[in-house]
Amino acid sequence: MYDIAYDVSEHSNSTDVNNPSLSEDDTPLVEQVLSKDTWLLEVFLFVEWSMFILFRDMSSVINSRRKNLKTLFKRKDDAMTINNELSDHTGIPIEKIPYVGLRFDSLQWAQEFYSNYVKKVWFVTRIRNTNFDKTMKELKVPINQSIHCSREDYRESRVKAATRVKRITTAGCKTRMCVMLDKQNDNWMVSKLELKHTHTCFAKQVVHYSEYRELTMHAKIVIQNNDEASIRPNKTYLALANEVGGSSKLGYLETDVRNNIMRNLRCAYINADVKEMIIYFMRMRDINSNFFYAVDVDETNKFKSALWVDAICRASYEYFRDVVSFDTTYSRNKYGLPFASFVGVNHHGKSTLIGSALLENEKIRSFEYVFKQWLKCMGTPPQAIITDQCKSMFGTIRNVFLDTRH
């Protein structure tokens, strides 16, 4: 190994000739050989360590590039998801888009603003909840309200899959706008807002909702002219659809055409019947001057409410005005007007009619008009009045019949 020859005769003390032995003179040579082997070992270790560092750096570079690619793809996917979830605001002025902190003078204005925005983005909303001021329970003063997308919950249709392809009717959408009353500034402010959808919004789908169906002035004129010419509603609808290139481009359905015709006919019938009723009241007034009637109309001379009391009713009230019952639970007529009656009790314990009325609706204004006209007719309020548990009626009686026990 060391290229050194040993003489057996000179080294007679050696017990094993096969095992080489070193002398003191061979020490520098051995150190030289050992230093050479150490240098080779260090070079080998350095090369091996360098290769390890190189491969480690390469693996870290590869891993970082992989992470960058994943992040890039994730950003692209998120961007595509956001683009799909966010509503299309193309062509909508920025002042027509709601934002957190937007203020309104009233709750109604806030509802109208969001309704106009919703119609431009093609989805339907509903009022999720409304909270009222607990310190004023009788007045029911709202302090906040949240308006959500109609597809907020997650629900499947009960119709079997064989007959209905689209079974999911709602998609858990989180789109909403919450407004709250700012008592210091006396206005309403948008407190929470979410504009992302979990579903796509199509104009073809929302046409089936009543919020988006509206007849244009041109369509109303065509419907009226065709109805006067005895043209069927379905023919009128097909003619209107052909003008715009198909029924999908119309903002209404055939049902709306039929409803418009029926509404016009009903208004015509109502006006004719109201005229006949007023003529009857005037004829009864000519026969007996004690006959009293009052008719309420709006700015367009549309009928709202009416009250009539004949001479017998007025005479009965003079004797039986201790307790009066006012009842509106009678069935409505074909015009949807509630019929109300003032009923007293005579000395035989039987009911006697002391007034009749037709109401526009069961709200404060209608009750107030009828009560004031009835009090004007009778002159004095009753000692007690019995009604149902209608809150609108309760407040009106307290304001009109001041000394009457309710």
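That block above? That's the structure.
Keep in mind it's a predicted model, so treat the numbers as computed, not measured.

Colleague: Is there a simple way to explain the packing of aromatic side chains in this structure?
Modeller: Within a pair of aromatic rings, the relevant descriptors are the distance that separates the centres and the angle that separates the planes. Going through the model one piece at a time under the given rule, you end up with 18 aromatic pairs. Taken together, a centroid distance of 5.4 Å and an interplanar angle of 35 degrees make the contact between Phe281 and Tyr293 tilted. Here Phe281, found in helix α6 (residues 254-287), pairs with Tyr293, found in strand β6 (residues 292-297); they are 12 residues apart in sequence, far enough to count as distant. Through successive ring pairs, a cluster of aromatic residues spans Tyr317, Phe326, Phe342, Phe367, Phe371, Trp374 and Phe401.

Colleague: Looking at this structure, I do not really get the environment of Tyr335. What am I missing?
Modeller: You can see Tyr335 is positioned in the loop between β8 (323-327) and β9 (339-345). The exposure class assigned to Tyr335 is buried, which follows from its relative accessible area of 19%.

Colleague: How should I be thinking about unusual backbone geometry in this particular structure?
Modeller: A negative phi holds for most residues other than glycine; trans holds for most peptide bonds. In this structure, Asp186 takes a positive phi of about 55 degrees despite not being glycine. Mapped onto the secondary structure, Asp186 falls in the loop between β4 (176-182) and β5 (187-194). Judged by relative accessible area, which is 61%, Asp186 ranks as exposed. For Ser230, which is not glycine, the phi torsion reads 65 degrees and is therefore positive. When you line up the elements, Ser230 lands in the loop between α4 (217-228) and α5 (233-244). Ser230 gets classed as exposed once you look at its relative accessible area, which sits at 66%.

Colleague: What is the right way to look at the packing of helix α7 (residues 311-319) against helix α8 (residues 364-378) in this model?
Modeller: Any two packed helices are characterised by the angle at which their axes cross and by the distance between the axes. Where α7 contacts α8, the axes come no closer than 10 Å and their chain directions differ by 80 degrees. As judged from the angle between their axes, α7 and α8 are roughly perpendicular. Contacts between α7 and α8 involve Cys313, Arg314 and Tyr317 from the former and Trp374, Cys377 and Met378 from the latter.

Colleague: Help me understand the pattern of salt bridges in this model?
Modeller: Pairing between side chains becomes possible if they bear opposite charge and their charged atoms approach one another. Inspection of every chain in the model, using the stated rule, returns six salt bridges. With a closest N to O distance of 2.9 Å, Arg103 and Asp182 form a salt bridge. With Arg103 in strand β1 (residues 103-104) and Asp182 in strand β4, this pair connects stretches of sequence that are 79 residues apart. Given the relative accessible area of 38%, Arg103 is considered partly exposed. Where Glu360 meets Lys304, a salt bridge forms, and the shortest distance between an N and an O atom there is 3.9 Å. Of this pair, Glu360 sits in the loop between β10 (351-358) and α8 while Lys304 is found in strand β7 (residues 303-309), placing the two residues 56 residues apart along the sequence. By relative accessible area, Glu360 is classed as partly exposed at 33%. The buried category is assigned to Lys304, whose relative accessible area is 12%.

Colleague: For this particular structure, what's the right way to read the pairing of β7?
Modeller: Strand residues, when the strand is regular, have side chains that alternate between the two faces of the sheet. The buried count for β7 comes to six of seven residues, which makes it a mostly enclosed element. Alignment of β6 against β7, held across six bridges, turns out to be antiparallel. Following the sheet pairing, Val295 is matched in β7 by Ala306.

Colleague: It is not clear to me how helix α9 (residues 391-400) should be interpreted in this structure. Could you clarify?
Modeller: For an α-helix, the turn length of 3.6 residues means that residues three or four places apart are oriented alike. Buried residues of α9: Met393, Gly395, Thr396, Ile397 and Val400, and no others. Buried positions along α9 lie against β8, α8 and β11 (384-386).

Colleague: How do you make sense of the sheet that holds β5 when you look at a structure like this?
Modeller: Pairing between the strands of a sheet is mediated by backbone hydrogen bonds and can be parallel or antiparallel. Read across the sheet, five strands follow the order β1-β5-β4-β3-β2 without closing on themselves; strand pairing throughout is antiparallel. The sheet is open, and its two edges are formed by β1 and β2 (125-132), each paired on a single side. Bridge analysis of β1 against β5 gives two bridges, and the strand direction is antiparallel. Along β5, the bridge assignment pairs Phe104 with Trp188.

Colleague: It is not clear to me how the environment of Ile97 should be interpreted in this structure. Could you clarify?
Modeller: Considering the arrangement of structural elements, one finds Ile97 in the loop between α1 (27-85) and β1. Apart from residues no more than four positions distant in its own chain, Ile97 is found in contact with His89, Ile92, Phe113, Tyr117 and Leu195.

Colleague: Please explain the sheet that holds β9 as it appears in this structure.
Modeller: With respect to topology, six strands assemble into an open sheet ordered β6-β7-β10-β9-β8-β11, the strand pairing being mixed. Each edge of the open sheet is held by one strand with a lone partner, namely β6 and β11. Averaged over all pairs of adjacent strands, the angle between strand axes in this sheet comes to 20 degrees, irrespective of strand direction. Direction of pairing for β7 relative to β10: antiparallel, over a ladder of three bridges. Opposite Trp308, over in β10, you have Ser356 as the bridge partner. Strands β6, β7, β8 and β10 of the sheet are contacted by α7, whose axis makes an angle of about 125 degrees with β10.

What counts and what doesn't
- Residue numbers run consecutively from 1 along every chain, following the written order of its sequence.
- Totals for whole chains, interfaces and linings use every residue, but because this is a predicted model, local features are given only for residues with pLDDT of at least 70 and side-chain atom pairs only at 80 or more, for both listing and counting.
- The side-chain values count all of the structure's non-hydrogen atoms but skip hydrogen atoms and water molecules.
- Only Phe, Tyr and Trp rings take part, Trp by its six-membered ring, and two of them pair if their centres are within 6.5 Å. Stacked means planes under 30 degrees apart, edge-to-face means over 60, and tilted covers everything else.
- Runs of E in the DSSP output that reach at least two residues are strands. Runs of H or I that reach at least four are helices, and both are numbered from the N terminus.
- When a residue's accessible area, from a 1.4 Å probe over protein chains only, is under 20% of the maximum for its type it is buried; when over 50% it is exposed; and in between it is partly exposed.
- All axes are obtained by fitting lines to C-alpha atoms, using only the stretch in contact for helices, and the reported angles, taken between N-to-C directions, cover 0 to 180 degrees.
- For classification purposes, angles smaller than 35 degrees are called roughly parallel, those larger than 145 roughly antiparallel, those between 65 and 115 roughly perpendicular, and all remaining angles oblique.
- We call two residues in contact whenever any of their non-hydrogen atoms come within 4.5 Å of each other.
- Think of a salt bridge as a Lys or Arg side-chain nitrogen and an Asp or Glu carboxyl oxygen that are within 4 Å of each other.
- One bridge is not enough; two strands pair if DSSP finds at least two bridges between them.

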